[in-house]
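Results of the structural survey
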Amino acid sequence: MTRGGTRGTRAAGFGGGGVALAGAVRRVRAFAGQFLLLGMLALVAALLVTAVPRTADRLAEQGLREHVAGRPAAERDLTLTAPELPAGGGGVVTPVTAGRGQELDTLQADLPEAVGAAVQSRWFLAETALSRLTGPDLAAKNYFVVARLRSAPGVTGAATLTEGRWPAQAVGAGQPVEVALAADTARKLNLRAGSRLRFGGVGGQSLPLLVAGVFEPARTADGVWDTLPSALRVTEPAGDEEPYEMVALTSDAGLDAAIATGVPVRFSWRYRLAGLDVAGLGAVIDGVRRLERTPPAGLTVTQAVDVPLRQFLDAVSAARTLLAVIAAGMIATVAGLIVLAARLAARRREAEFALLVARGGAPTSGARRSLAESALVVPPAAALGWLLGRLLPGSPAGTASTDWLVLVAAALATLALPLATLGSPAPPGGRRDLSGRRAGGRRLTLELLVVALAVLATFLIRRRGLSPGSVDPLLVSVPVLLAVAAAVLVLRLYPWPLRLLGRVAARTRGSVTFLGVAGASRSAATGPVVVVVVAVATAAFCGVVAGGIEAGRDRTATVAVPASALVDGERLAPDTGAALHRLPGVRRSTPVLRESALRVADARGVDAGLAAVTVLLVDGPGLADTARDAGVDVSVPPVLRAGRSPGPTPALVSPALAAELARAGLDGSALVTVQGYAQPFRVADTADDFPLVPPDVDRFVVLPWQALAGAGTPGPPPPGSGTPGPPGRGGTGPVPTAFLVSGDGFDVEALRRAGDEGQRRYQTGGSFAAGERPRGAEVTTWQGARQQLGGGGANGLLVFGFAAGAAGGAAFGLLAVAFAVLAGARTRAQVLSRLRTLGLSRRQWRGLLLVELTPLVAAALLTGALTGALLPLLLTPALGLAAFTGGEPVRVAFSPGLVGAVLAAGAVALALAVTVETVHNRRMRLGEVLRLGEGS
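Only a predicted model underlies this, so the values are computations on that prediction, with no experimental measurement involved.

**Digging into the overall build of the protein**
- Counting secondary structure elements, the protein contains 32 helices and 22 strands.
- Buried positions account for 48% of the 936 residues belonging to the protein.
- Of all intrachain contacts in the protein linking residues separated by at least 6 positions in sequence, the fraction that spans at least 24 positions is 81%.
- Element-wise, carbon and sulfur atoms account for 60% of the exposed surface of the protein, whose accessible area totals about 42200 Å².

Right under this line is the structure:
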């Protein structure tokens, strides 16, 4: 190498380590703004890679805790029960109970490993069968009572005595067995501390009891009280001749004394699964199901844990897959911004690098210099982003697997500036708007490759789908590939209409429109436009999918409660509707009858041999009016609005059942027996679903209530409250099992009391068999059903993904618009300087800038928004979004809000573009640009 070349190389900063480092530091300080931008983007990239998985895991764990805590005890507990057998007799007391309680440890050790590790609390319970309870205090009120004696270690620590003391742990010879009662039970049955009772045994034996104490639970939510029947309250009798049922707590010795009378006893060991984590949830579910299939010898396993846990796991898996799709769009956008920042920095220093080569430096000397400078800024910034991500609240498990991704991101970001220096497409001072034409072949090949890859990935995702909970890099990147492909196509197409517009503008007076359109048609901001499209597509995808999920949840809530509230029971007196209507806040009410597991017969009453069906009777006009008054969207077909007609009643039938009836030749006349009445019907219309029909039911018949008068063949009329019903039914009509009400501001407890009163009035007619207890009326509001779908579980993870995607996409898109402005700022500054000398005013300059930038910004925003809106149509079937809507398919529809968001984003982007251009021109001092012919 020549002496000048050596000196040039040393000047380049590579003559010695210390000199090179000092020179790199000086250059970083000289171009502090450019390196600050590059470092901030590297920090954001590392923060995204670190924080998103960490936050996702934290939200998933939090959602799991909320989901489990919100389930009833039956869906959180695993119970092992020994057969109920007589354990004694003949009055001989033997210690039995105490030894069984010690089996809690043994049985837990035998549980599957994942299940045993998830046990948080456990309880042992021993109790007798129901037996007659007598005593002076009960006889004083003429109470008919049956009771269970229960021994449950741990209750003393979960309750507070209000009277007396806890039962003695030993029973002396000839002494009564001491028991403790809940305060509510004692109050309702006229009992107190000191009351004496007798507990009936087998063969005329009886056991004397003494109420030693009365207690109140210290924490009603304590798991020790989650038993059936409950020890905290008395069960009311179903009729005048039915008994009260209660539970009395005693010691192990007291229970052994009861066993000695020959009363059957039942032992159970209950384990609460609450120590759960998302990573081990699948193993817990498998272990519970395996335990249910092969229970321990001599025991019965009772559990309902697996269903809610599986539902949560499906929802979390779908949420994580969706989050991966959103994160891919955000990370791709940040990567594009890093490339744009590196290209902009390299372009600003083209003259420096060209001079370096002219003085004898190697062609790669500029890239080597850029690498040294970038290594001083980008890795520390990425490390800071990684550290900030680790400091955010979250699960450490979500970070360990992403550390290597941070290293990859930091390395790529560090190489962005050197590669941009090597790949500068034009010499200093060259025209950038024409440089793309010289590389047309390479660019066209690359664009065709991107489009082909996007089509292939879309085909694969439609064919294979996404595996729940897994991340397939190719398929998860489909939104990015499609957005890039859409941007490439638009960049190829949009100059053509601008050139036509330029020809029209050339014939008009004034130069602003013509020059602006000409500048827009030659725009070289390809990279920024692609980044804007990807960012906006990510934000639009989040908004459209979020809207689809919200609409799906609304539909699910409407299917469950197609009104303001549903008052549901066994059978309610027909005048319950009038009682509900009189309550404050209630405007309308309409009856509903719903029965399941009914058989279909032919016209002669012979069973057709079809599977059982669900039958729903609704007042079509009343349902439509009530739903409309409640503000919910319910479509009532004309067949359910029709009045009485001769022949079989026209019915709305599910497609599956309609097909079976057609094959059996019963579509014109079939018969179902509802509440003892044989009701003929014919298939008049079909529907996939209908309000009040559970989503998992695909065989149903919906009959119009108002068309049933005299249509059925009455059997023995069910006793009612005396309220006259439709004619032809012996003075009675169908008895409602529920009422739909509309209104606002009503008291839910008042609705429940009205429903209970309606059941009581109907029940007093003797319709229920002896010993059968109707369940209490249940009230479900539309708002409550909707809130249950949108709260807890994986919803927090879902909201985080949508919020991060929408906010990040909008912010990154605006930043890319700024890069688009800066990409052509030098050329525009030179043109502006010359036009200012020709008399161009400041106002005309702003108009020229808007005319030039508006087509570019509008094309990018509209392409991104349209791509984001169409992406859900391709991805929704593969993402399993029905897990967030209670099983309702997510239907993506056009949202007017998206148009408003695009218009608002366009206005903000143009305002930002004008601001960035103004600031840039002031920094450049246009007089010097005109004199020197460069804009650095």
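From this point, the discussion proceeds with the structure in view.
**Quick notes on the packing of helix α3 (residues 32-69) against helix α13 (residues 365-391)**
- At a closest axis distance of 7 Å, the pairing of α3 and α13 adopts a crossing angle of 30 degrees. Classified by the interaxial angle, the pair formed by α3 and α13 is roughly parallel. Once α3 is placed against α13, the crossing between them reads as right-handed. Of the residues in α13, those in contact with Phe35, Leu38, Gly39, Ala42, Leu43, Ala46, Leu47, Thr50, Ala51 and Arg54 of α3 are Glu373, Ser374, Val377, Val378, Ala381, Ala382, Leu384, Gly385, Trp386, Leu388, Gly389 and Arg390.
- Of the residues in the contact of α3 with α13, the class split is 14 nonpolar, five polar and three charged.

**Looking at unusual backbone geometry**
- Between Leu228 and the following residue, Pro229, the backbone shows a cis peptide bond with an omega angle of -5 degrees.
- You can see Pro229 is positioned in the loop between β9 (206-217) and β10 (244-250).
- You will see that Asn190, though not glycine, has its phi angle at about 60 degrees, which is positive.
- Here Asn190 shows up in the loop between α8 (183-188) and β8 (196-200).
- In this model, Leu692 sits at a positive phi of 80 degrees, which is unusual for a non-glycine residue.
- Structurally, Leu692 is set in the loop between β19 (677-686) and β20 (700-704).
- Given the relative accessible area of 3%, Leu692 is considered buried.

**Regarding a positive patch on the surface**
- Together, Arg836, Arg842, Arg846 and Arg922 make up a positively charged patch on the protein surface.
- Along the polypeptide, Arg846 turns up in helix α30 (residues 842-879).
- Residue Arg846 is classed as partly exposed on the basis of its relative accessible area of 37%.

**Topic: a nonpolar patch on the surface**
- Together, Leu371, Leu415, Leu419 and Leu422 make up an exposed nonpolar region whose accessible area comes to about 360 Å².
- At three residues, helix α15 (residues 403-422) tops the list of elements feeding residues into the nonpolar patch.
- In this structure, Leu419 sits in helix α15.
- Given the relative accessible area of 55%, Leu419 is considered exposed.

**Thoughts on the packing of aromatic side chains**
- The final tally for this structure, using the stated rule, is five aromatic pairs.
- Between Phe124 and Phe267 the ring centres are 6.2 Å apart and the planes differ by 15 degrees, which places this aromatic pair in the stacked class. Note that Phe124 is positioned in strand β3 (residues 119-128) and Phe267 in strand β11 (residues 264-273), a separation of 143 residues in sequence.
- Ring centres of Phe215 and Trp225 lie 5.7 Å apart, and the angle between their planes is 15 degrees; on these two criteria the pair is classed as stacked. Of the two residues, Phe215 is situated in strand β9 and Trp225 in the loop between β9 and β10; the sequence distance between them amounts to ten residues.
- Taking relative accessible area as the criterion, Phe215 reaches 0% and is therefore assigned buried.
- Among the aromatic residues, ring-to-ring pairing joins Phe124, Phe267 and Trp269 into one connected group.
- Positioned above the aromatic ring of Phe267 is the side chain of Arg100, whose terminal nitrogen or guanidinium carbon lies 4.7 Å from the ring centre.

**Thoughts on the pattern of salt bridges**
- Taken as a whole and judged by the stated rule, the model has 33 salt bridges.
- As a salt-bridge pair, Arg150 and Glu127 come within 2.7 Å of each other at their nearest N and O atoms. Note that Arg150 is positioned in strand β5 (residues 145-151) and Glu127 in strand β3, a separation of 23 residues in sequence.
- Accessibility expressed as a relative area gives 3% for Arg150, which makes it buried.
- Salt bridges linked by common partners bring Arg27, Arg349, Glu352, Arg369 and Glu373 together as one network.

**A look at the sheet that holds strand β22 (residues 778-781)**
- Across the sheet, ten strands lie side by side as β15-β18-β19-β17-β20-β16-β14-β21-β13-β22; this open sheet has mixed pairing. Lying at the two open borders of the sheet, with one neighbouring strand each, are β15 (600-601) and β22.
- Where strand β18 (residues 670-674) meets β19, five bridges bridge the pair, whose relative direction is antiparallel. The partner of Val674 across the bridge, within β19, is Tyr677.

**Thoughts on helix α19 (residues 478-493)**
- Helix length check: α19, at 16 residues, gives a terminal C-alpha distance of 22 Å against a target of 22 Å (1.5 Å per residue), a fit within 8%.
- For α19, the set of buried residues is Val478, Pro479, Val480, Leu481, Leu482, Ala483, Ala485, Ala486, Ala487, Val488 and Leu491.

**What about the pairing of strand β4 (residues 131-134)?**
- When β4 meets β5, the two strands line up antiparallel, connected through three bridges. Bridge pairing in β5 links Leu133 to Val145.
- The pairing of β4 with β8 spans two bridges and is classified as antiparallel. If you follow Leu133 over to β8, its bridge partner there is Phe199.

**Quick notes on the environment of Ala901**
- One can find Ala901 in helix α31 (residues 896-924).
- Sequence-wise, Ala901 and Ala540 are 361 residues apart; in three dimensions their C-alpha atoms are separated by 9.1 Å.

**With respect to the pairing of β10**
- Most of β10 is tucked away: six of the seven residues are buried.
- Across six bridges, the pairing between β5 and β10 is parallel. By the bridge assignment, Val146 is partnered in β10 with Glu245.
- Relative to β10, strand β7 (residues 177-182) runs antiparallel, the two sharing two bridges. Considered in β10, the bridge of Ala180 is made with Leu249.

**Examining the confidence of the model for the protein**
- Averaged over the protein, the pLDDT score is 81; the fraction of residues at 70 or greater is 86%.
- Note that residues 1-15 has pLDDT below 50 and, in this model, 21 contacts with residues that lie over four places away or in other chains.
- When the criterion is pLDDT under 50, residues 931-936 qualifies, and its contacts beyond four places in sequence or with other chains add up to ten contacts.

**So, the packing of α3 against α15**
- Contact pair α3 / α15: the axes reach a minimum separation of 9 Å and the direction vectors enclose 160 degrees. In terms of axis orientation, α3 runs roughly antiparallel to α15. Helix-helix and strand crossings are classified by hand; for α3 and α15 the assignment is right-handed. Together, Phe35, Leu38, Ala42, Ala46, Val49 and Thr50 of α3 and Leu405, Val406, Ala413 and Leu417 of α15 make up the contact between the two elements.

The rules behind the values
Residues numbered from 1 in each chain as written. Predicted model: local features only at pLDDT ≥ 70, side-chain atom pairs only at ≥ 80, totals over all residues. Heavy atoms only, no water. Helix = DSSP H or I, 4+ residues; strand = E, 2+ residues; numbered from the N terminus. Buried < 20%, exposed > 50% of the residue type's maximum accessible area, 1.4 Å probe, protein only. Contact = heavy atoms within 4.5 Å. Areas by Shrake-Rupley, 256 points an atom, 1.4 Å probe, with all protein chains shown as cover. Axes fitted to C-alpha atoms, helices over the stretch in contact; angles between N-to-C directions. Parallel < 35°, antiparallel > 145°, perpendicular 65-115°, else oblique. Left-handed = near helix turned anticlockwise from the far one by under 90°. Nonpolar A, V, L, I, M, F, W, Y, C, P; charged D, E, K, R; others polar. Patch = residues over 30% accessible without salt bridge, like charges linked within 9 Å, V, L, I, M, F, W, Y side chains within 5 Å. Salt bridge = Lys/Arg side-chain N within 4 Å of Asp/Glu carboxyl O. Lys, Arg positive; Asp, Glu negative; His and termini not counted. Charge placed at Lys NZ, Arg CZ, Asp CG, Glu CD. Phe/Tyr/Trp six-rings, centres within 6.5 Å; stacked < 30°, edge-to-face > 60°. Lys NZ or Arg CZ within 6 Å of the ring centre and 35° of its normal. Pairing = 2+ DSSP bridges. Expected span 1.5 Å × (residues − 1). pLDDT = per-residue confidence, 0-100.

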